[in-house]
Amino acid sequence: DVQMTQSPSSLSASVGDRVTITCQASQDIKNYLNWYQQKPGKAPKLLIYDVSNLETGVPSRFTGSASGTDFTLTISSLQSEDFATYYCQQYDILPLTFGGGTEVEI
Amino acid sequence: EVQLVESGGGLVKPGGSLRLSCAASGFTFSSYSMNWVRQAPGKGLEWVSSISTTSRYIYYADSVKGRFTISRDNAKNSLYLQMASLRVDDTAVYYCVSQGQGWGWGQGTLVTVSS
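What counts, and at which threshold
Numbers given to residues run from 1 along each chain, matching the order in which its sequence is written. Labels follow written order: the first chain is A, the first ligand is 1, and so on. In view of the model being predicted, local features appear only for residues whose pLDDT reaches at least 70, and side-chain atom pairs are presented and counted only at 80 or more, with totals across whole chains, interfaces and linings using the full set of residues. Side-chain measures were taken over the full set of non-hydrogen atoms in the model, leaving aside hydrogen atoms and water. In this analysis, strands are considered paired if DSSP registers two or more bridges between them. Think of it this way: any DSSP run of H or I at least four residues long counts as a helix, any run of E at least two long counts as a strand, and we number them from the N terminus. Axis lines are fitted through C-alpha atoms, for helices just across the contact stretch, and the angle between N-to-C directions can take any value from 0 to 180 degrees. Any two residues having at least one pair of non-hydrogen atoms within 4.5 Å are treated as being in contact. What gets called buried area is simply the loss in accessible area from a 1.4 Å probe that two parts show on being joined, summed for both. Any carboxyl oxygen of Asp or Glu that lies within 4 Å of a side-chain nitrogen of Lys or Arg is treated as forming a salt bridge with it. Pairs of N or O atoms are called polar contacts if they sit within 3.5 Å, as long as, within protein, a hydrogen donor faces a hydrogen acceptor (for residues adjacent in sequence, only side-chain-to-side-chain pairs). We call a set of buried residues a nonpolar core when its members are Ala, Val, Leu, Ile, Met, Phe, Trp, Tyr or Cys and they connect through side-chain atoms within 4.5 Å of each other. Three labels apply to residues, based on accessible area from a 1.4 Å probe with only protein chains included: buried if under 20% of the type maximum, exposed if over 50%, partly exposed otherwise in between.

J.: How should the sheet that holds strand β8 (residues 78-83) of chain B be read in this particular structure?
T.: What holds strands together in a sheet is hydrogen bonding between their backbones, with the strands either parallel or antiparallel. Residue and element names in this part refer to chain B. On the basis of which strands lie adjacent, the open sheet formed by 4 strands has the order β1-β3-β8-β7 and antiparallel pairing. Looking at strand neighbours, the two that pair on one side only are β1 (3-7) and β7 (68-73), the edges of this open sheet. Across this sheet, the average inter-strand angle for adjacent strands is 15°, counted without regard to direction. For β7 and β8, the ladder comprises 6 bridges, and the chain directions are antiparallel. For T69, the partnering residue across the bridge sits in β8 and is Q82.

J.: So what exactly am I meant to see when it comes to the interface of chain B and chain A here?
T.: The extent of an interface is frequently quoted as the accessible surface area lost upon association of the parts. Taken together, the 16 residues of chain B in the interface contact 14 residues of chain A. On the chain B side of the contact with chain A, L45, W47 and W103 of chain B bury the most area, a combined 53% of that side's loss. On the surface where chain B and chain A come into contact, there are 0 salt bridges. For the pair chain B and chain A, the number of links is 5 residue pairs in polar contact (both at pLDDT 80 or more). Taken together, the elements giving at least two residues each to the side of chain B that touches chain A come down to β4 (33-39), β5 (45-51), β9 (92-100) and β10 (102-105) of chain B.

J.: Hey, could you run me through the nonpolar core in this one?
T.: Within soluble globular proteins, side chains that are nonpolar generally end up buried alongside one another. Counting 39 residues, the largest nonpolar core has W36, L79, L81, M83 and Y94 of chain B as the members making the most contacts within it. Looking at this core, the elements with two or more residues in it are β3 (18-25), β4, β5, β7, β8, β9, β10 and β11 (109-113) of chain B. Take this core: its biggest share by element is 5 residues, from β9 of chain B. In this view, L81 of chain B contacts L18, R19, L20, W36, V48, F68, T69, I70 and Y94 of chain B; residues no more than four positions away in its chain are not counted. In terms of nonpolar packing, the next biggest core, distinct from the first, is built from 25 residues, I29, F62, C88 and V104 of chain A among them.

Shown next, in the form of structure tokens:
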């Protein structure tokens, strides 16, 4: 199975901060990497697909990038509605696997 | 717009059975692979099972293999998960997830396994 190691598991930030979350895959997953945002009691919401493509309707302050098997989600200027938990997901190989999540707190 | 609506969750005793359903609309269901993903209370996301467009290819997580059965009915735009021999650690919100030209998630249905 492809292991997705996500860090940090939580972080504290303020509105306007630049936030970076990383995921490292245990093997090559090509560009088959999604990022999700989840708020309490809600389903995950797709933010970015195929490493760096912004889902329709997602603000441009969210960006994704990759270097080899290291993947990064960046929020350029944190807004109040961005406080949530973020997950990466690989879909190159079954089983689909997810990072452990990053809780972004005030 | 992809819409996925799960149903069938509830409270069941250990060893019991439950059948989840997912009604799909807003896309060509028969062209999308489908998945079940679950999330235990306060925990992360865990893939459960996948089924290809024609049901030819089916996969399960080791944790549910032999106990859960995924199926689909393309004529009814529906996905199913038959769960048997349920255990306390199967307690989770179960999400129906579409995979094709994009990804879609349902709102989830809660399955609670408790005596």
